[in-house]
Amino acid sequence: MSVLVDGLRKRFGDKIALDGFDLRVRPGTVCGLLGPNGAGKTTSVRILSTLLRADGGRAEVAGFDVATHPMEVRRRIGLVGQHAAVDEVLSGRQNLELFGRLYHLGAAKARVRAAELLDRFGLADTGNKAVRHYSGGMRRRLDLAAGMILAPDVLFLDEPTTGLDPRGRNEVWDAVRSLAGDGATVLLTTQYLDEADQLVDQIAVIDAGRVIAGGSPAELKSRLGGDRIEVVVHDVGDLGTAAELLRKVADAEPERDLDRRRLSAPVRDRVAALTETVRALDAAGVPVEDIALRRPTLDEVFLTLTDGKVSA
Amino acid sequence: MSSLRWAVADGWTMTRRDLGHWVRQPAPVVVSLLFPILLVLMFGYLLGGAIAVPGGGDYREFLLPGMFVMTMGFGVESTLLAVTTDASRGVTDRFRSIPMSQSAVVVGRCGADMLNSVLVLVVMAACGLAVGWRPHGGVGATLAAFGLLLLLRFAFLWVGIWLGLMVADPSAVTLVQVVVWPVSFLSNIFVSPDTMPGWLGAIATWNPLSATAAATRDLFGNPGLADGWIGVAVAWPLLLVAVFFPLSVRAFRRLSR
């Protein structure tokens, strides 16, 4: 295991941040730690990257205990925190050379490595500009590059796309995919289900300091009932007719919301369900205000999981 | 390499990072050099005429050693700003997650700030020479005076590092700016404490800034001043270091709590 965590506990004053946190991440995979603010995502990453000491439990990263062998762990990890933790005044190249020297590469090797990484992360043209003139996406990519100086065995990414525009997010996603493609183990935290969907092999859902569900994105989604179709009719009187029609394409009895004149039902074959529903409603002459396919949101994941419908 | 040699090498790498800042963004360094010069001109020429100089002589001769001391006090601000900026942007955490000598984070800060202070003193001394200040005490005494000033700066360095690690917020520097001024005025930097109400004068006399100012005036050969302050000017900074160095180490360790 690249990351092996048993019963980790951490408390800040009265607040319990981690309450028996367990995790296993296989080498070469991308694991997503999914959870709301305050669930303990950042605390767990900070403990695994040797920045914080746990109150109890045990954590091994790349084969070394984080509490007893922090230097060995630091030699094998890269950390990309929530801020773009780079020197704003220096250029991108100077930043990478600085970190290279601090990783004890020596001046010449640090220079070569900085050039390689700038090239790899698409910063070769802007490498000599001061970081304060970089866009959000460029800063993040430089941050990732700085976490990659030693080609780490395990890379920690704490909410790598928070605060980025869609373009910056895509840039970071591409970078993460390319790192994973090289065989690094990646542990990333996120609040966004679609981000986990894009990047990870395995999800651990964390709430109130412990993992409450785990599995591949597809497994989790199927446990949650997957995609849903939603229909809003113009007349509340048509709700019954529309529900009749929807039942034929849906996987379960449609839920009715009289106040909003809305029906909602889980579907498996997204596109076929949508076309069939539109056709059937049209043929039956039911005026429709809105019709849409919807992925389960993170809110729904949590509602479902904390309702006890799904167990880890 | 041994861990001690890595501590020195990494510390020097961190110091060079700051020197890189001077080159890439010279404005803050230039301002930190120009501001004390502006103060010398303001107090020396605008207000100085109205100030009685203890022991007689030229006010600017009296003022300059005080201004040297005050700029050492300003150093708390630059140290605090650097420490809090790194802490708030996650740069300190990045250093802590790197397999480097952990003391280098602080050693590098120390090296950069002390080099900056030497530069500030050189520029201030040149400015002083231009407005009529002269060291009258010989080479040894003059060097000893600058040594006392750097010792005071070294003490303030640990105050700044400790404060920076505790607050971790760059906006706290305004608070220090607000405090530095009254503390500077409540000293012998600008006027003799003899001119103040008795109890206030007593506080001003025993201000660590006053001790260094009195001792350097003595070493620069200013006329008519009480001697015997050199010992106090050594003791005060050592006491500050004895308090704030362990506090800083503790605050750094507490980052992982």
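Residues numbered from 1 in each chain as written. Chains lettered and ligands numbered in written order. Predicted model: local features only at pLDDT ≥ 70, side-chain atom pairs only at ≥ 80, totals over all residues. Heavy atoms only, no water.

**Things to note about the overall build of chain A**
Next up, step 1: Assigned secondary structure in chain A consists of 11 helices and 14 strands.
Next up, step 2: A burial count over chain A gives 50% of its 312 residues as buried.
Next up, step 3: A total accessible area of about 14000 Å² is found for chain A, and carbon and sulfur atoms account for 47% of it.
Next up, step 4: For chain A, the distance from the average position of its 43 positive side-chain charges to the average position of its 46 negative side-chain charges is 6 Å. (Helix = DSSP H or I, 4+ residues; strand = E, 2+ residues; numbered from the N terminus. Buried < 20%, exposed > 50% of the residue type's maximum accessible area, 1.4 Å probe, protein only. Areas by Shrake-Rupley, 256 points an atom, 1.4 Å probe, with all protein chains shown as cover. Lys, Arg positive; Asp, Glu negative; His and termini not counted. Charge placed at Lys NZ, Arg CZ, Asp CG, Glu CD.)

**Points about the packing of aromatic side chains**
All names here are of chain B.
Next up, step 1: Following the criterion strictly, the structure yields 18 aromatic pairs over all chains and no others.
Next up, step 2: Each ring, one from Phe43 and one from Phe185, has its centre 6.1 Å from the other, and the planes form 50°; the classification is tilted. Highlighted residues: Phe43 in helix α2 (residues 27-47) and Phe185 in helix α7 (residues 173-185), separated in sequence by 142 residues.
Next up, step 3: The class of Phe185 is partly exposed, set by a relative accessible area of 39%.
Next up, step 4: Relative to Phe146, the ring of Phe68 lies with its centre 5.5 Å away and its plane at 50°, an arrangement referred to as tilted. Taken together, the residues span a long stretch of sequence, with Phe68 in helix α3 (residues 59-88) and Phe146 in helix α6 (residues 138-167) at a distance of 78 residues.
Next up, step 5: Note on Phe146: relative accessible area 17%, which makes it buried.
Next up, step 6: Grouped by ring-pair contacts, the aromatic residues Phe35, Phe43, Phe74, Trp181, Phe185 and Phe190 constitute a single cluster. (Phe/Tyr/Trp six-rings, centres within 6.5 Å; stacked < 30°, edge-to-face > 60°.)

**Describing the nonpolar core**
Next up, step 1: With 114 residues, the main nonpolar core has Leu96 and Phe121 of chain A together with Phe68 and Phe95 of chain B as its most contacted residues.
Next up, step 2: The contacts of Phe95 of chain B, once residues within four sequence positions are left out, are Leu98, Phe99 and Leu102 of chain A together with Met14, Arg17, Asp86, Met100, Gln102 and Val105 of chain B.
Next up, step 3: Core analysis: the second largest hydrophobic core is formed by 26 residues, Leu18, Val61, Val73 and Ala204 of chain A among them. (Core = buried A, V, L, I, M, F, W, Y, C linked by side-chain atoms within 4.5 Å. Contact = heavy atoms within 4.5 Å.)

**Digging into the pattern of salt bridges**
Next up, step 1: What the rule picks out here adds up to 32 salt bridges over all chains.
Next up, step 2: Here Glu171 of chain A makes a salt bridge to Arg141 of chain A, at a shortest N to O gap of 3.1 Å. You can see Glu171 of chain A sitting in helix α6 (residues 166-181) and its partner Arg141 of chain A sitting in helix α5 (residues 136-146), a full 30 residues away along the chain.
Next up, step 3: Its salt-bridge partner being Asp86 of chain B, residue Arg17 of chain B comes within 2.8 Å of it at the nearest N-O pair. Taken together, the positions of Arg17 of chain B in helix α1 (residues 3-24) and Asp86 of chain B in helix α3 put the pair 69 residues apart, joining distant regions of the chain. Of the two residues, Arg17 of chain B and Asp86 of chain B, neither departs from the other in class, the shared state being buried.
Next up, step 4: One continuous salt-bridge network, built from bridges that share partners, spans Asp6, Arg24, Arg58 and Glu60 of chain A. (Salt bridge = Lys/Arg side-chain N within 4 Å of Asp/Glu carboxyl O.)

**Let's talk about the pairing of strand β11 (residues 228-233) of chain A**
All names here are of chain A.
Next up, step 1: Most of β11 sits inside the fold, with six of its six residues counted as buried.
Next up, step 2: In β11, alternate side chains face the same way, and those of Arg228, Glu230 and Val232 on one face and Ile229, Val231 and Val233 on the other are all buried.
Next up, step 3: Note that β11 and strand β13 (residues 262-266) share five bridges and pair antiparallel. If you follow Arg228 over to β13, its bridge partner there is Pro266.
Next up, step 4: Of the pairings in the sheet, the one linking β11 to strand β14 (residues 288-294) comprises six bridges and is antiparallel in character. Among the inter-strand pairings, Glu230 is bridged to a residue of β14, identified as Ala292. (Pairing = 2+ DSSP bridges.)

**Topic: the domain arrangement of chain A**
Next up, step 1: Split by domain assignment, chain A resolves into domain 1 (3-222) and domain 2 (227-294).
Next up, step 2: Using C-alpha coordinates to define each centre, domain 1 of chain A is positioned 42 Å away from domain 2 of chain A. (Domains from an automatic or database assignment.)

**Focus: the interface of chain A and chain B**
Next up, step 1: If you look at the interface, chain A gives 37 residues, while chain B gives 27 residues.
Next up, step 2: When the two sides are added together, the surface that chain A and chain B hide from each other amounts to roughly 2800 Å², 56% of it contributed by carbon and sulfur.
Next up, step 3: In terms of surface lost to chain B, no three residues of chain A exceed Leu51, Leu102 and His104 of chain A, which account for 23% of the buried area on that side.
Next up, step 4: Between the two partners, chain A and chain B, sit three salt bridges. (Buried area = accessible area lost by both parts, 1.4 Å probe.)

**Points about the packing of α3 of chain B against helix α9 (residues 208-220) of chain B**
Residue and element names in this part refer to chain B.
Next up, step 1: It is the contact of α3 with α9, at a shortest axis distance of 9 Å, that shows an interaxial angle of 135°. By the angle between their axes, α3 is oblique relative to α9. Here α3 and α9 pass one another in a crossing that is right-handed. Only Leu209, Thr212, Ala213, Thr216, Arg217 and Phe220 of α9 make contact with α3, whose side of the interface consists of Phe62, Pro65, Gly66, Phe68 and Val69.
Next up, step 2: Within the contact of α3 with α9, the residues separate by chemical class into seven nonpolar, three polar and one charged. (Axes fitted to C-alpha atoms, helices over the stretch in contact; angles between N-to-C directions. Parallel < 35°, antiparallel > 145°, perpendicular 65-115°, else oblique. Left-handed = near helix turned anticlockwise from the far one by under 90°. Nonpolar A, V, L, I, M, F, W, Y, C, P; charged D, E, K, R; others polar.)

**Brief notes about the confidence of the model for chain A**
Next up, step 1: Summarising the model, chain A shows a mean pLDDT of 89, and 95% of its residues fall at 70 or more.
Next up, step 2: Here residues 308-312 of chain A is a poorly scored stretch, pLDDT under 50, and it has 10 contacts once near neighbours within four places are set aside; other chains count. (pLDDT = per-residue confidence, 0-100.)

**A few points about the sheet that holds β11 of chain A**
Within a sheet, adjacent strands bond to each other through the backbone by hydrogen bonds, running parallel or antiparallel.
All names here are of chain A.
Next up, step 1: Strand order in the open sheet formed by four strands is β12-β13-β11-β14, with antiparallel pairing between adjacent strands. Every other strand in the sheet has two partners, leaving β12 (255-257) and β14 as the edge strands with one partner each. Pairs of neighbouring strands in the sheet enclose a mean axial angle of 15°, with direction left out of account.
Next up, step 2: Running over the sheet, helix α9 (residues 239-249) touches β11, β12 and β13 and is turned about 15° from β13.
Next up, step 3: Contacts from helix α10 (residues 270-283) reach β11 and β14 within the one sheet, and its direction differs from that of β14 by about 170°.

**Some thoughts on the side chain of Ser97 of chain B**
Next up, step 1: Inspection of the secondary structure puts Ser97 of chain B in the loop between α4 (91-96) and α5 (104-130).
Next up, step 2: Within the structure, Ser97 of chain B has its side chain in polar contact with the backbone oxygen of Arg94 of chain B (distance 3.0 Å).
Next up, step 3: When sequence neighbours within four positions are dropped, the list of residues in contact with Ser97 of chain B reads Ser49, Leu51, Arg74, Ile77 and Leu79 of chain A. (Polar contact = N/O pair within 3.5 Å; in protein donor to acceptor, adjacent residues only side chain to side chain.)

**Some points on the pairing of strand β2 (residues 15-25) of chain A**
Residues and elements named next belong to chain A.
Next up, step 1: Judged from the eight bridges that link them, strand β1 (residues 3-12) and β2 form a sheet pairing that is antiparallel. If you follow Arg9 over to β2, its bridge partner there is Asp19.
Next up, step 2: Here β1 hands over to β2 after two residues, with Gly13 in that stretch at a positive phi of 60°.

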